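Here is what each chain is made of, one letter per residue.
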Amino acid sequence: MTRRAWWLVALNVFVPGSAQILAGSRKLGRFAVVVTTLFWALAILAFVSFFWFRELFLAAVTNAIVLAVIEVVLIAYVVLWIVLAVDSLRLAQVKRASVGARPFVVAFSLIALVAYSGVAVAAVNIVDSARSTITEVFTSADYAPPTDGRYNILLLGGDAGPDRVGLRPDSISIASVDAETGETTLIGIPRNLELIPFVEGSPLYQDFPSGYDCGDECLISYLYTYGEEHPELYPDAEANDSSAGVEAMRDAVEGVTGLDLQYYVLIDMQGFDDLIDALGGVVINVTERQPIGGDEDEFGQPINVDGWVEVGEQRLGGWEALWYARARHGSNDYDRMLRQREVQEAILRQFEPANILTKFRTVADAGKQVVTTDIPSVMLGLFTELASSAQDFPIATLELSPPTIDVGNPDYDHIRELVAESVVGTPDAESESE
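Source: prediction; values computed, not measured.

Undergrad: What is the right way to look at the environment of Ala-97 in this model?
TA: By the secondary structure assignment, Ala-97 is in the loop between α5 (64–92) and α6 (102–137). When its relative accessible area of 4% is taken as the criterion, Ala-97 is described as buried. Separated by 95 residues in sequence, Ala-97 and Thr-2 place their C-alpha atoms 4.3 Å apart. Ala-97 has contacts with Met-1, Thr-2, Ala-5 and Arg-102, leaving out every residue within four places of it along the chain.

Undergrad: How should the nonpolar core be read in this particular structure?
TA: In summary, soluble globular proteins display a tendency toward joint burial of nonpolar side chains. Counting residues in each nonpolar core, the largest one holds 42 residues, and the members touching the most others are Leu-193, Ile-196, Leu-204, Ile-220 and Leu-223. Listing elements by their share of this core, those giving two or more residues are β1 (150–159), β2 (168–178), β3 (184–189), α8 (222–229), α9 (244–257), β4 (263–268), α12 (333–350) and α16 (412–424). A total of seven residues in this core trace back to one element, the largest contributor, which is α9. Ignoring anything within four residues of it in the chain, the contact list for Leu-204 reads Phe-198, Leu-223, Tyr-226, Leu-233, Tyr-234, Ala-248 and Asp-251. Of all hydrophobic cores here, the second largest spans 17 residues; its members include Ile-284, Val-309, Leu-322 and Ala-346.

Undergrad: Teacher, can you tell me more about the packing of aromatic side chains here?
TA: The description of an aromatic ring pair uses the distance of the two centres, along with the angle that the planes make with each other. All chains considered together, the criterion is met by 10 aromatic pairs. Centroid distance Phe-39 to Tyr-77: 4.7 Å. Interplanar angle 10°. Geometry classified as stacked. In this pair, Phe-39 sits in helix α3 (residues 26–52) while Tyr-77 sits in helix α5, placing the two residues 38 residues apart along the sequence. Residue class for Tyr-77 comes out buried when judged on its relative accessible area of 14%. For the pair Tyr-263 and Phe-383, a centre-to-centre distance of 6.0 Å together with 80° between the ring planes defines the contact as edge-to-face. Taken together, the residues Tyr-263 in strand β4 and Phe-383 in helix α15 (residues 380–390) connect sequence positions 120 residues apart. Since its relative accessible area comes to 14%, Phe-383 is described here as buried. Grouping aromatic residues by their ring pairs yields a cluster made of Phe-198, Phe-208, Tyr-212 and Tyr-226. Over the ring of Trp-308 we find Arg-289, and its NZ or CZ is 4.0 Å from the ring centre. The positively charged end of Arg-339 is found above the aromatic ring belonging to Tyr-324, 5.9 Å away from the centroid.

Undergrad: Before we go on, may I ask you to explain α8 in this structure?
TA: Here α8 has its buried residues at Leu-223, Tyr-224, Tyr-226 and Gly-227. Projection of α8 onto a plane perpendicular to its axis shows the buried side chains occupying an angular sector of 160°, all on one side.

What counts, and at which threshold
Residues numbered from 1 in each chain as written. Predicted model: local features only at pLDDT ≥ 70, side-chain atom pairs only at ≥ 80, totals over all residues. Heavy atoms only, no water. Helix = DSSP H or I, 4+ residues; strand = E, 2+ residues; numbered from the N terminus. Buried < 20%, exposed > 50% of the residue type's maximum accessible area, 1.4 Å probe, protein only. Contact = heavy atoms within 4.5 Å. Core = buried A, V, L, I, M, F, W, Y, C linked by side-chain atoms within 4.5 Å. Phe/Tyr/Trp six-rings, centres within 6.5 Å; stacked < 30°, edge-to-face > 60°. Lys NZ or Arg CZ within 6 Å of the ring centre and 35° of its normal. Arc of directions from axis to C-beta.

If you want it as structure tokens, here you go:
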């Protein structure tokens, strides 16, 4: 009876349902074995797809409906396994086993039950978090093809600080991604750029046919506020998971660069540190000491600071990384643009599957609080694959700032030429590659 107890309990652990086939309800046992076989077949199929059909795998696991089905299946299997574990103890007739073996048989069964259930519950939590994040953050719009072989995404860092009325983009950039290779170019746009042109057909062209040309009060970053104050210019914005402020910025950046911006991502800088902390910090090679907090004296130098981001390779937590990106004292806006781009690149480098999976819940929860976007969920599989492929290339950057650009009197034809060269290469480079 002791050997019987060990065999039945062990069989239930390694082949759920086999104990019932041997000593209990064969109908229940056969059902459990079939379900277990299908479960492992699906797991093997997922494993194979991850390595050989990556885009299909990512499209599946970033689909809210598929994730909901996976969640239900996992919960049902946990319930089934608990029923089988309890029933196997009954079938084992532990009371008839030797006195010394009884506690070990029961302990083995309970440890296996807790281990299996714990892993399954953790998986359910990850799937549930992924599903809720996809549903809350991303839209239900349809798939969109690339423009000229690229996806161009407007990145806005919104800062609704205590010294500001409402939110205003403190960081404006574009991530231009090659739709085949994932090779990425980050284009930085200074927030104090003036004389913004608009293409005919833009609602802002009606108000500013000669460009946004009212002097120092008409900087590109102010267009977000202008759009929010005039929602009638973009009546369909909310229905398209956007806002009038975002659409005004999109029109402005398209006018500046000549690029078609399919999507936007707005990051609330007030919660930015939570996302970085969820990732475990970011590694930055700091070339110049930066102040944390404080003020500046009459010469523009930092005073009364709370601390410093020191020179050298540093792993910065969310609070330090946020101050590194936004520090004003002792530097100018263009230095800040470079630091913001460094932080963006560091985050992109750390968005790897292995890193995200181990911290998925905290990253997903932080993302829901920080990110607003009109990227549809059906594009997530493709974009995740492109992000993974992008790791094989250095991230190219183009900063549209002095001395390259005169922000007060910019030459927009020259700017568009620089942008075109940065995303598709110069004609000489193309001919050499051919």
